[in-house]
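Overview (structure and organization)
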Amino acid sequence: QVQLVESGGGLVQPGGSLRLSCAASGSRNSINAMGWYRQAPGKQRELVAFITSGGSTNYADSVKGRFTISRDNAKNMVYLQMNSLRPEDTAVYYCNAGDSNGYYYTPYNYWGQGTQVTVSS
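These lines cover the structure that appears in this document, whether it is placed above or below.

What you see with strand 11 (residues 115-119) is a clean split: T115, V117 and V119 sit on the buried side and Q116 and T118 on the side with no burial. Pairing of strand 2 (residues 10-12) with strand 11, which is carried by three bridges, proceeds in the parallel orientation. Residue pairing across strands places V12 opposite V119, the latter belonging to strand 11. Bridge count for strand 9 (residues 91-100) against strand 11 is three bridges, and the pairing is antiparallel. Paired with A91 across the strands is V117, a residue of strand 11.

Let us look at the state of the cysteines. This structure, assessed with the given rule, holds one disulfide. A sulfur-sulfur distance of 2.1 Å marks the disulfide that ties C22 to C95. Negative torsions about the S-S bond denote left-handed disulfides, and the value of about -80° found for C22 with C95 makes this one left-handed. Of this pair, C22 sits in strand 3 (residues 18-26) while C95 sits in strand 9, placing them 73 residues apart in sequence. Side by side, C22 and C95 carry an identical accessibility label, which is buried.

Membership of the largest hydrophobic core comes to 30 residues, with the highest contact counts inside it found for L4, M34, W36, L80, M82 and Y93. Of all the secondary-structure elements, those providing two or more residues to this core are strand 1 (2-7), strand 3, strand 4 (33-39), strand 5 (46-52), strand 7 (67-72), strand 8 (77-82), strand 9 and strand 11. Look past the residues within four positions of Y93 in its chain and what remains in contact with it is E6, L20, W36, Y37, R38, V48, F67, L80, M82, G114, T115 and V117. Formed by five residues, the second largest nonpolar core is a distinct cluster that contains A33, F50, Y94 and Y105.

Cut-offs applied
Residues numbered from 1 in each chain as written. Predicted model: local features only at pLDDT ≥ 70, side-chain atom pairs only at ≥ 80, totals over all residues. Heavy atoms only, no water. Buried < 20%, exposed > 50% of the residue type's maximum accessible area, 1.4 Å probe, protein only. Helix = DSSP H or I, 4+ residues; strand = E, 2+ residues; numbered from the N terminus. Pairing = 2+ DSSP bridges. Disulfide = S-S within 2.5 Å. Core = buried A, V, L, I, M, F, W, Y, C linked by side-chain atoms within 4.5 Å. Contact = heavy atoms within 4.5 Å.

Take a look at the structure:
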């Protein structure tokens, strides 16, 4: 079992920044990648970014150049730095543990509780 806890969400004005954190605990032997998803009201959950155990990253086109995913293996943490935020980035953001070959990400059924990000003036 893997437990994930997100933090760092909040209300921010357009153009602002937020940094989300995900703390992972439990048995992570089968996990070789971590991802961030988001779900806006009335929309499907979508993959925002993922990072492999080797440090390779991949981003959704909508956040490329604005968001950066990183990890600290020693602390079992994954981060999502979000810059130049837009109202359309408003969603609940979820951390996920999964698998990846570097190009595709496969989510396992390990999810955090989510953290709300609201971008509004």
